[in-house]
Each structure stands twice: as C-alpha cells, then as structure tokens.
Number of protein chains: 2
Amino acid sequence: MQSFRFLRIPSFSPPNALFFVSQPPHLLPVKSISRISTKNFSSQMESSLSSSSSKLLFRQLFEKESSTYTYLLADVSHPDKPALLIDPVDKTVDRDLNLVRELGLKLVYAMNTHVHADHVTGTGLIKSKFPGAKSVISRASGSKADVLIEPGDRIPFGDLFLEVRATPGHTSGCVTYVTGDEPDQPHPRMAFTGDALLIRGCGRTDFQGGSSKQLYESVHSQIFTLPKDTLIYPAHDYKGFNVSTVGEEIVYNPRLTKNLEEFKKIMENLNLPYPKMMDIAVPANLVCGLQDPTS
Amino acid sequence: MQSFRFLRIPSFSPPNALFFVSQPPHLLPVKSISRISTKNFSSQMESSLSSSSSKLLFRQLFEKESSTYTYLLADVSHPDKPALLIDPVDKTVDRDLNLVRELGLKLVYAMNTHVHADHVTGTGLIKSKFPGAKSVISRASGSKADVLIEPGDRIPFGDLFLEVRATPGHTSGCVTYVTGDEPDQPHPRMAFTGDALLIRGCGRTDFQGGSSKQLYESVHSQIFTLPKDTLIYPAHDYKGFNVSTVGEEIVYNPRLTKNLEEFKKIMENLNLPYPKMMDIAVPANLVCGLQDPTS
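Attention here is on the structure that accompanies the text. (Residues numbered from 1 in each chain as written. Chains lettered and ligands numbered in written order. Predicted model: local features only at pLDDT ≥ 70, side-chain atom pairs only at ≥ 80, totals over all residues. Heavy atoms only, no water.)

1. Here's the deal with the sheet that holds strand 4 (residues 68–75) of chain B
Residues and elements named next belong to chain B.
Here is step 1 of the chain: Strand order across the open sheet formed by six strands is 3-4-5-6-7-8, with mixed pairing between neighbours. Of all the strands in the sheet, just strand 3 (56–63) and strand 8 (147–149) have a single pairing partner and so form its edges. Mean inter-strand twist for the sheet, computed between neighbouring axes without regard to direction, equals 20 degrees.
Here is step 2 of the chain: Here strand 6 (residues 106–111) pairs with strand 7 (residues 134–138) via three bridges, running parallel. Its bridge partner being in strand 7, Tyr 109 is matched across the sheet by Lys 134.
Here is step 3 of the chain: In the packing of helix 1 (residues 93–102) onto the sheet, the strands contacted are strand 3, strand 4, strand 5 (82–86) and strand 6, and the crossing angle to strand 3 comes to about 160 degrees. (Pairing = 2+ DSSP bridges. Helix = DSSP H or I, 4+ residues; strand = E, 2+ residues; numbered from the N terminus. Axes fitted to C-alpha atoms, helices over the stretch in contact; angles between N-to-C directions. Contact = heavy atoms within 4.5 Å.)

Here it is in structure tokens:
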C-alpha cells in the first residue's frame, strides 16, 4: 500500500466565466471566405511551438449508428459567437442545434467534408431550423449548397478561420478543413480530415470516384505535410479513438505508412460490403440531405 | 452563392515534435500522492483567467457497449512521460495499452472513479499486462486496489497532478478527480466526475449505497464550486456529447438545477431497469475486475 504525504492547498471561489475561454482576445477584422494557395508546403518557415491560444470553443459530437463525428467550432471571443458545424448527421440535428442555442452561438455554416455514403447529412435540415446558416461543400463534389468551396479558400468564423485543402481519393470531392497557421489561431492546428485520413486507417476508395492512388497522394501532400503536432479529427471512428496527430499517423497508420504500390494492393483487397445506406444517402447528400426548403 | 476574396498565405514545413505539446515546460519536482483539503471552497481567491498551458497529453476513449469513457492523461514534458488511465474497461484494455505504448508513455496508475455496475473495470487486467502500473480506487469504495485514495489526496504524474474529491451519492465510494489549481497545471481545469455528474444528467442513486440527497450535496459542494470554465469529463455519455463545463451544468442540467426536494422526487421516479451487468460487474470490480494476478 502506498504511503501518503499531507499537504494543504489554498481554497478558491469560482470566477464568473460561463464557458471556457482561455486567453485574452486577438481582435482582428472579421474575414469573409477567401482563397489561399495550399499547393506549396516546401519552404522552411517552421511553425513556432510557442503557443498562442485562441477563443475557440470546440465540441466533438458522436452519432453512434454510423459512428460519425460532428464538430462544433465557435469564436466565443467575438460578440456574435459565430459557429460552424462540420459533418452534421440528419438524426442528431436537434441535439446539435439545441447545444448551439444553449451555448448562445450563432450558427454561420453547416459544412460537409464530402458526399457521405453511410448517413444522410444534416446540413439541409439545419438550414430549415436555423435561418441564416449556410450549407457548405466543395465545388468538386458536384453537390448543391449555398457555398461551394475550393482548395485554398478560407472559411471565417469571427476572428478564426479554416483553410480548405483538396484531399480527394475516398470521393473525388473530399476536402480537409484545417485551422489557420497564424499566431492568433488555435495551436496546435486542427485538421478535420473527413474520410481521407481516419485514426490508424483511411476511407475506402472503391466507389464515388474513389482512387487509392489519389488518396495516397492527397494524404501525403496535404495532411502529412502539416506540423506533426496537428490534431487529426476524422469523420468517423469505429474503435473509440477521439483524436490523433499527424505525427502519430505518419508513424503508425497501418496503410499510409506503406509505399504507394503496397497501399494500392491493400485498398484493392479490402473486400468491403456495399454500404447499406449508399443508395439513400448519396442522392440525398448531393442536395444537402433534402431538397432546399425554399425551392 | 457567396463571393470570394483571393489571398495568399505563406507556406510552411512541419516542425519535429511528434506529439502535441503546446508550451514550454514548467519543471517542478515529481510529487508522490499527498493529501490536501477539499472541504473549504469559500474564500475569495479567484482562479485567474489568464491561462498557463501545460504539457498534458489527453485522450478520451469510448467503449460503445456500455457507453463508457476512458481517459488517458500524461505529462509528455517529463522524461518518463508518466501516464494514467481513468475508468478503463476490461474489453478495451488492449486498445488502451497499445495506444500507451505507441505514444511512448509509462503507465503509472489505472484508476477508477467508483465501483461500476455496468461494465467490468480493466484495472486488474492492465496490471497483469503493464507491470509497474498500480490500481487506484477510493478507500470508501470498500474495494481492493494497490492505492486506496481519500478525499484531498493528490495523484501526481510527472509535474501534473489530480486532486481527489469525495462525490458520493451514486455509490458510497464515488470520487471526482480534478486537475490542479496551480499556474503550471492545465487551464481550464478538468473534472473527471465518474457517474456523479453526467452531461445534462447524473448517475442513478437506487443501489450500491446510493443516496439522492448525498449526490445532490456532492455535486453542489464539490463540483459546482469549481471555476465555471472547468471541463466536465464524465464516465458515460449516451447521446454523443464528449464534454461539458461546470457553467453549463449549473444552468442546463435538467436534474441538478432543481432544489433538493424536486431532485429527490426525480431520482425516486426514474423507474430504471436492474442493470444487466450488475451481478457480474460489482463483485468483479471490488477486486479490480479480476483477482490480483500475483495472489
């Protein structure tokens, strides 16, 4: 049995902040969606390890049936508390919007990383229940949405923003959303990888314009080039992991640590069943999960 | 359709840090488990909102069948990378230990918040698979373990530590583990509340020495007195929420926002079924999920 040392610490009373806000604001003008280059990551300008925390409120939400993660991000230092949801699921829209309202957030964007085949997106339903929120998906997805983003775009919410990186291969229109590489943005960076990179895995490449070669190149050029401490937040996890890092996946991903030829062989021999929801989900998701409520 | 502004940002190359470490180390001597007072939180010494980040590596892991969260915490600034697991489940021990090994951590403690009735703890199994790790539970639980902690104890891992707070009511031996209230400890603070406080809910109080009055008093005196930005990490969630805050639960918890008499009525009328795993889990969990492998 372990022995104890006795020590007293001072008592305290709680401060008044209702929600978690960790550091003073970095007030910059609110940005609209803008385009940046994501093609060249070869320069030697190292991102600093000295952190500049932000006013990010972050929640990871889980839908059990399809094992889908939905992400809520908001800038709670901004007077409007502008927020966005990444990969909402139709069945959990009420849960998500209730949380948005409880936290006093203003939902600006309901976004998808790609056209999902395993569940119906909640973005259309969200628009009908939260007027003002805009649906977002990549132009390359061939889907209908309010905002069709392209590689290099910036998606702002308050003083924070996400970069858009093209990471096709699971589908031809997959993107990864990455928090900004500036001192007032969250550190470490966070990458919302959809099905391109999963924790110790990756999305299948055998339908919806999938290509194992393209997926391999996407992950290696657009995700594995991010700082190694970048947090990986995928669209799904089936084993109960909630996050990984670029550094971990570079070393431990059982598929993407292989060379291209080996990776292609692995992906060709997965012998996965046809997705149960595919014939319902894909047509629905091409129009945000439902016909535009205003049309 | 939204219009775009075009903007170039500088390219970058990744730094060398493999895992996420956000700020410079605060090197303090390694502490052994020690005892502190958690009884008096009435003084007016406000915890500062100016943050001092730490070298905490943190993972939330999920076991789907019992909807249990297991938490991995480590001090990755310390040469040994000492780590602890809170509420590991027997079925996911291999997953958890594999992650511990991949991250290069040294598991010091495998801890329970209480004697679970819905799953078998993994702490005994962990001891047999990771020599050196010690099992931890409260003395008040009446269980067998290597370290029997009491309210006010400090559980150190490297330069970080958890405080022990007694939060009985779901069971008579329930504790909440809270990160330290010192500048070199994580900010906001994090509270691992077991089944005492769930997100927008709480554990049942109709068996294992449960008491609705005691639970109400525990949560109000030991958890709701923490700073409002303290992150709440419960042992379970059934709706896909991963975290809450003290401030949110004070305002939105549908049970614990009531007065004591209303709370007692709610808890008396839950009419929950007898837990399926109870007759297996409770006797097993009184001995860390299995007989001590050395006995």
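2. Thoughts on the environment of Ser 211 of chain B
All names here are of chain B.
Here is step 1 of the chain: In this structure, Ser 211 sits in the loop between strand 12 (190–194) and helix 3 (212–223).
Here is step 2 of the chain: For Ser 211, a relative accessible area of 23% gives the class partly exposed.
Here is step 3 of the chain: Each C-alpha atom, one on Ser 211 and one on Glu 268, is 10.0 Å from the other, the two residues being 57 residues apart in sequence.
Here is step 4 of the chain: If we skip the residues at most four places from it in the chain, Ser 211 touches Gly 169 and Thr 205.
Here is step 5 of the chain: Reaching out from Ser 211, the side chain makes a polar contact with the backbone nitrogen of Gln 214 at a distance of 3.0 Å. (Buried < 20%, exposed > 50% of the residue type's maximum accessible area, 1.4 Å probe, protein only. Polar contact = N/O pair within 3.5 Å; in protein donor to acceptor, adjacent residues only side chain to side chain.)

3. Here's the deal with the side chain of Ser 135 of chain A
Residue and element names in this part refer to chain A.
Here is step 1 of the chain: Structurally, Ser 135 is set in strand 7 (residues 134–138).
Here is step 2 of the chain: Under the relative-accessibility criterion, Ser 135 is labelled buried at 1%.
Here is step 3 of the chain: Setting aside residues up to four positions removed in sequence, Ser 135 forms contacts with Ala 110, Thr 123, Lys 127, Ala 145, Asp 146, Val 147 and Cys 288.

4. Let's talk about the environment of Thr 70 of chain A
All names here are of chain A.
Here is step 1 of the chain: Among the structural elements, Thr 70 can be located in strand 4 (residues 68–75).
Here is step 2 of the chain: Thr 70 sits in the buried class, given a relative accessible area of 0%.
Here is step 3 of the chain: When the C-alpha positions of Thr 70 and Gln 208 are compared, they lie 22 Å apart, and in sequence the two are 138 residues distant.
Here is step 4 of the chain: Residues in contact with Thr 70, not counting those within four places in the same chain, are Arg 59, Gln 60, Leu 61, Leu 85, Ile 86, Asp 87, Pro 88, Val 89 and Asp 96.
Here is step 5 of the chain: Of note is the side chain of Thr 70, whose polar atom sits 2.8 Å from the backbone oxygen of Asp 87.

5. Considering the pattern of salt bridges
Pairing between side chains of opposite charge can happen when their charged atoms approach one another.
Residue and element names in this part refer to chain B.
Here is step 1 of the chain: For the structure on display, the rule yields 31 salt bridges over all chains.
Here is step 2 of the chain: One salt bridge connects Glu 249 with Arg 200, and the closest N-O pair in it is separated by 2.7 Å. Within this pair, whereas Glu 249 is found in helix 4 (residues 246–252), its partner Arg 200 is found in the loop between strand 12 and helix 3, the two being separated by 49 residues in sequence.
Here is step 3 of the chain: Residue Arg 200 is classed as buried on the basis of its relative accessible area of 15%.
Here is step 4 of the chain: Lys 264 is the salt-bridge partner of Glu 261, the closest N and O atoms lying 3.7 Å from each other. On the criterion of helical spacing, the pair formed by Glu 261 and Lys 264 is a turn pair, its members being three residues apart in helix 5 (residues 260–268). (Salt bridge = Lys/Arg side-chain N within 4 Å of Asp/Glu carboxyl O.)

6. Regarding the environment of Arg 189 of chain A
All names here are of chain A.
Here is step 1 of the chain: Here Arg 189 lies in the loop between strand 11 (175–179) and strand 12 (190–194).
Here is step 2 of the chain: With a relative accessible area of 4%, Arg 189 lands in the buried category.
Here is step 3 of the chain: At 3.0 Å, the side chain of Arg 189 and the backbone oxygen of Thr 179 are in polar contact.

7. Observations concerning the sheet that holds strand 8 (residues 147–149) of chain A
All names here are of chain A.
Here is step 1 of the chain: Spatial ordering of the open sheet is given by 3-4-5-6-7-8, a layout of six strands whose pairing is mixed. The sheet is open, and its two edges are formed by strand 3 (56–63) and strand 8, each paired on a single side. Shown here is a sheet whose adjacent strand axes are inclined to one another by a mean of 20 degrees, direction ignored.
Here is step 2 of the chain: Sheet analysis places strand 7 next to strand 8, joined by three bridges and oriented parallel. Across the sheet, Ile 137 pairs through a bridge with Leu 148, a residue of strand 8.

8. Details of the packing of helix 3 of chain B against helix 5 of chain B
Residue and element names in this part refer to chain B.
Here is step 1 of the chain: It is the contact of helix 3 with helix 5, at a shortest axis distance of 9 Å, that shows an interaxial angle of 125 degrees. Here helix 5 runs oblique to helix 3, going by the angle between their axes. Two packed elements cross with a definite hand, and for helix 3 against helix 5 that hand is right-handed. Of helix 5, the residues touching helix 3 (which contributes Ser 212, Lys 213, Leu 215 and Tyr 216) are Leu 260, Phe 263, Lys 264 and Met 267.
Here is step 2 of the chain: Its residues assigned to classes, the contact of helix 3 with helix 5 shows five nonpolar, one polar and two charged. (Parallel < 35°, antiparallel > 145°, perpendicular 65-115°, else oblique. Left-handed = near helix turned anticlockwise from the far one by under 90°. Nonpolar A, V, L, I, M, F, W, Y, C, P; charged D, E, K, R; others polar.)

9. A look at the pairing of strand 13 (residues 231–234) of chain B
All names here are of chain B.
Here is step 1 of the chain: Residues Leu 231 and Tyr 233 point to one face of strand 13 and Ile 232 and Pro 234 to the other, with burial holding for every one of them.
Here is step 2 of the chain: Here strand 12 runs beside strand 13; their pairing, made up of four bridges, is parallel. Residue pairing across strands places Met 190 opposite Leu 231, the latter belonging to strand 13.

10. Side note on unusual backbone geometry
Most peptide bonds are trans, and most residues other than glycine sit at a negative phi.
Residues and elements named next belong to chain A.
Here is step 1 of the chain: Cis geometry marks the peptide bond from His 187 to Pro 188; its omega dihedral reads 0 degrees.
Here is step 2 of the chain: Position of Pro 188 among the secondary structure elements: in the loop between strand 11 and strand 12.
Here is step 3 of the chain: With a phi close to 55 degrees, Gln 208 is a non-glycine residue in the positive phi region.
Here is step 4 of the chain: Along the chain, the position of Gln 208 falls in the loop between strand 12 and helix 3 (212–223).

11. A short note on the packing of aromatic side chains
Residue and element names in this part refer to chain A.
Here is step 1 of the chain: Tallied over the full model, the rule gives 19 aromatic pairs over all chains.
Here is step 2 of the chain: For the pair Tyr 216 and Phe 263, a centre-to-centre distance of 5.3 Å together with 50 degrees between the ring planes defines the contact as tilted. Of this pair, Tyr 216 sits in helix 3 while Phe 263 sits in helix 5 (residues 260–268); the two residues are 47 residues apart in sequence, bridging distant segments of the chain.
Here is step 3 of the chain: The exposure class assigned to Phe 263 is buried, which follows from its relative accessible area of 0%.
Here is step 4 of the chain: Positioned above the aromatic ring of Phe 161 is the side chain of Arg 154, whose terminal nitrogen or guanidinium carbon lies 3.9 Å from the ring centre. (Phe/Tyr/Trp six-rings, centres within 6.5 Å; stacked < 30°, edge-to-face > 60°. Lys NZ or Arg CZ within 6 Å of the ring centre and 35° of its normal.)

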